[in-house]
Every structure is written in structure tokens, then in C-alpha cells.
Amino acid sequence: MAQLARTVSLLDKRVGEMVGAARRPFLGEAKAARGEDAHRAAFTDRYLRKGLETGLASLEAKSLNMATPGDGGYAVPEAIDQLIETRLRSISPLRAVASVVQVGTANYKKLVATSGFASGWVAETAQRPETATPTFAEIAPPWGELYANPAATQAMLDDAVFDVESWLAGEIALEFAAQEGAAFISGTGTNRPKGFLAYPTAATKDAIRPFGTLQHVATGAAGNFAASDPADKLVDLVHALRPAYRQGAVFLMNSATLARIRKFKDGDGNFLWRPALAEGQPATLLGYPVIEAEDMPDIAADSCAVAFGNFAHGYVIAERTGTRILRDPYSNKPFVHFYATRRVGGAVVNSEAIKLLKFSAS
């Protein structure tokens, strides 16, 4: 029995050592984590709260965060930057459904095939004639510098209970989301992303319409739905989108437009709009999620107030990793401003994946 007890004790010890080794980070990971933690602590406690910059540049270079080139300010530590990005995804309507890519340069370009490979049928021993090569289009999203400038008093920053990280991340995310919401929908592409409503539209189908032109479905009445069977055009809008893109497609409209559509009923008197079945889930229209975006236009003559599409395939948001913050305690005393900047671009990459409902006669 004594021998058995010693064997069990030895095995327990070995298992404990193995578990401890498995949980212990690798040397490189531990060094990186220490560098990030040191950068985060110095950035928050010394720079944000007190404005002390001594040693911050060297910690910034050693941290995991990729610094953004530029004059003035310091790169936000990765942990805080991820908090900003998480909140942006939760409050920015289009960011939640579009394709978002992180890039290290403003020269990001995407190659898109505008035609497929040619193919055909042949006999088993027949020659295989050469097929036509596909054509490609190069998409370069327009870029702009997004900025926010929240302010706090020095007394707030001196308060140890005040969570400056969460406050700053929330303020920056709110400001960025407000600017992004407008740019991704109707931005001109000059010093900002190009919104999908800034592209030309046509009533022609995908096989005929030029690449980069979105298809619209007319309601049949200028500035309004048709007088009879107004919901029929919503069905036409859904089926204008090819089946391959309907999986993951969503409706996009503002609250005023949604208020009109929520009153539509089918032939049996049932509302076409369905409330969410669970908390945190979107309501649905004709079986597809509805996203409210206040930057979508109101219903008016020739306006495209309703969009339907698979934005993950149709729209790309490109952003450079790293947010920079410049602490400014001088411009607006007694407030301390935190001037935050980030480079963001956006463009339509697949004009077949987004359809618009145009409130026009044709």
C-alpha cells in the first residue's frame, strides 16, 4: 500500500507539472505580453491621465500594436484599440454586415473578376479548344482620415476610480460610428469612403448592366409606394438579387421608412414585418433581417430609401491598423482633449450583390 501511495503521489506531481507547463506562455509570447502590458499601463496612467511622455515611444515600438505613421500623438495599445473596434462593430450599422479588412498601407487594392471562365461540352476523345479568359477590374477604395476629439476635465482623469480606457474607447467609437455611417452610405469618395448610394444605378439586370452600376427597382410612383399592392415591389427587390447572394442578405433603411413598411400586410392580413424572436436579434421583413441606418435617405421623389443586398460580398471597408491619440490640454482649458485619428476607406466591390428600391415612376 505504501508503494502504491508513493506512485500515486508521484503521478499527481507529474500531472501538476504538465498542466502548469501547458498553461505557461511561450517565452516569446510572455515577452510580447509584458511589452503590451507595459505600453498599456504607461499609455493610460502616464500619458492619458498625466500627459507624461517619457519612455512612451520606446514602449510603443515594443508593443504588439502596429503604429500608424504620422506626426504627433501615440499609437493606442492593441487592447484598447480592439475595444474601440468591438464597439464600432456593435453601433455602426454597415460595419456589422460589410466586409472589413485590416491593411498596413493606404494603397490597398482588390482585384474582382467581372466575368467567369468560359467552358463547354466535348466528346471524350475530342480536342479541347481554348476558352476565353476572364476579365478583371481593380477596386481601390477611396480613403479618408477619420477623427474624434472627446474631452474630459483633469479632475476626472486624476480620479483613480474613473475608467479612462473604457470612457475614451466609447467616446471615440461613438464619434467614428457617426461619421462612418454617413460615409459608407452616401460618401462622395473625396477624402472619405465612397458610399454605395454614390454609385450610378440602372433598372437593367446583372447580365446587361455595366460593372460598378447598381440595379434599382422602381416603385412605380414618384416619392411613394404604388397605390395598390405596395409590398409587391419589396418582393421584386428581393428576387432581383441572385439566389447566391440572398443567403446573408439584409434590408437597410431608416426609421421613418421602416415605420411605413411595418404597416404592410399580406393577403391574409398578416404583417410582412416580424419582430425579433430573441433579444439581440434583428427583426425580419419577408424573412430577411432589417437594419436601421439613420443615414439612409427618407422616401422622396427618385430617392433610393431602401437597400437590399449581401453587403459582405458587395461592400468592403478597409482600415489601417492602429488608432493614434494626441493629448491636448492647452486648446480648451480646463478641459483635456484627446484627438484620435484613423485611416478608413470603403467602396462597392460587387455591384451585383446590392439592390436599391427607387421611389420613382420608372
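Up top is the structure these notes are about.
Calculation rules
Residues numbered from 1 in each chain as written. Predicted model: local features only at pLDDT ≥ 70, side-chain atom pairs only at ≥ 80, totals over all residues. Heavy atoms only, no water. Patch = residues over 30% accessible without salt bridge, like charges linked within 9 Å, V, L, I, M, F, W, Y side chains within 5 Å. Areas by Shrake-Rupley, 256 points an atom, 1.4 Å probe, with all protein chains shown as cover. Salt bridge = Lys/Arg side-chain N within 4 Å of Asp/Glu carboxyl O. Lys, Arg positive; Asp, Glu negative; His and termini not counted. Charge placed at Lys NZ, Arg CZ, Asp CG, Glu CD. Helix = DSSP H or I, 4+ residues; strand = E, 2+ residues; numbered from the N terminus. Buried < 20%, exposed > 50% of the residue type's maximum accessible area, 1.4 Å probe, protein only. Phe/Tyr/Trp six-rings, centres within 6.5 Å; stacked < 30°, edge-to-face > 60°. Lys NZ or Arg CZ within 6 Å of the ring centre and 35° of its normal. Contact = heavy atoms within 4.5 Å. Pairing = 2+ DSSP bridges. Core = buried A, V, L, I, M, F, W, Y, C linked by side-chain atoms within 4.5 Å. Axes fitted to C-alpha atoms, helices over the stretch in contact; angles between N-to-C directions. Parallel < 35°, antiparallel > 145°, perpendicular 65-115°, else oblique. Left-handed = near helix turned anticlockwise from the far one by under 90°. Nonpolar A, V, L, I, M, F, W, Y, C, P; charged D, E, K, R; others polar.

Draft legend 1. Spatial organisation of a negative patch on the surface. A cluster of like negative charges, contributed by E292, E294, D295 and D298, occupies part of the molecular surface. One can find E292 in strand β12 (residues 288-292).

Draft legend 2. Representation of a nonpolar patch on the surface within the structure. Side chains of Y147, L326 and Y339 sit close together on the surface and give an oily, nonpolar patch of about 290 Å² of accessible area. The residue Y339 is located in strand β16 (residues 335-348) in this model. Using a relative accessible area of 33% as the deciding quantity, one classes Y339 as partly exposed.

Draft legend 3. Summary view of the packing of aromatic side chains. Scanning the entire structure with this criterion turns up 9 aromatic pairs. Considering the side-chain rings of F162 and W167, the 5.8 Å spacing of their centres and the 55° angle between planes classify their relative orientation as tilted. Residue F162 shares its accessibility class with W167, and that shared class is buried. When the centroid spacing of 5.0 Å and the interplanar angle of 85° are considered together, the rings of F225 and F264 count as edge-to-face. Here F225, found in the loop between β8 (214-218) and α7 (232-240), pairs with F264, found in the loop between α9 (255-261) and β10 (273-274); they are 39 residues apart in sequence, far enough to count as distant. With respect to burial, F225 and F264 carry one shared label: buried. Sitting over the ring of Y199, K194 keeps its end group 4.4 Å from the ring centre.

Draft legend 4. Layout of the environment of V101. Looking at the element boundaries, V101 is found in strand β2 (residues 99-103). Residues V101 and G345, 244 residues apart in the sequence, show an inter-C-alpha distance of 9.9 Å. Once you skip the residues sitting within four places of it in the chain, V101 turns out to touch Y108, V316, I317, A318 and E319.

Draft legend 5. Just the sheet that holds strand β11 (residues 284-285), in detail. As summarised here, the arrangement of the 8 strands in space is β7-β8-β17-β13-β9-β12-β11-β10, forming an open sheet in which the pairing is mixed. Both edges of this open sheet fall to β7 (201-202) and β10, since each of them pairs with a single strand only. As defined by bridge partners, strand β9 (residues 250-253) adjoins strand β13 (residues 304-309) across 3 bridges and the pair is classed as antiparallel. Across the sheet, V250 pairs through a bridge with G309, a residue of β13.

Draft legend 6. Region of the structure containing the nonpolar core. Ranked by internal contacts, the top residues of the largest apolar core, which has 56 residues, are L94, F196, L252, F311, Y315 and I325. Looking at this core, the element that brings in the most residues is helix α6 (residues 164-186), giving 10 residues. Counting residues in each nonpolar core, the second largest holds 28 residues, with F225, A283, I299 and L357 among its members.

Draft legend 7. View of the packing of helix α4 (residues 78-91) against α6. Between α4 and α6, whose axes approach to 8 Å, the crossing angle comes to 45°. Compared by their axis directions, α4 and α6 come out oblique. Helix-helix and strand crossings are classified by hand; for α4 and α6 the assignment is right-handed. Taking contact as the criterion, the partners of I80, L83, I84, R87, L88 and I91 in α4 are, on α6, E165, S166, A169, G170, I172, A173, L174, F176, A177 and E180. By residue class, the composition of the contact of α4 with α6 is 11 nonpolar, 2 polar and 3 charged.

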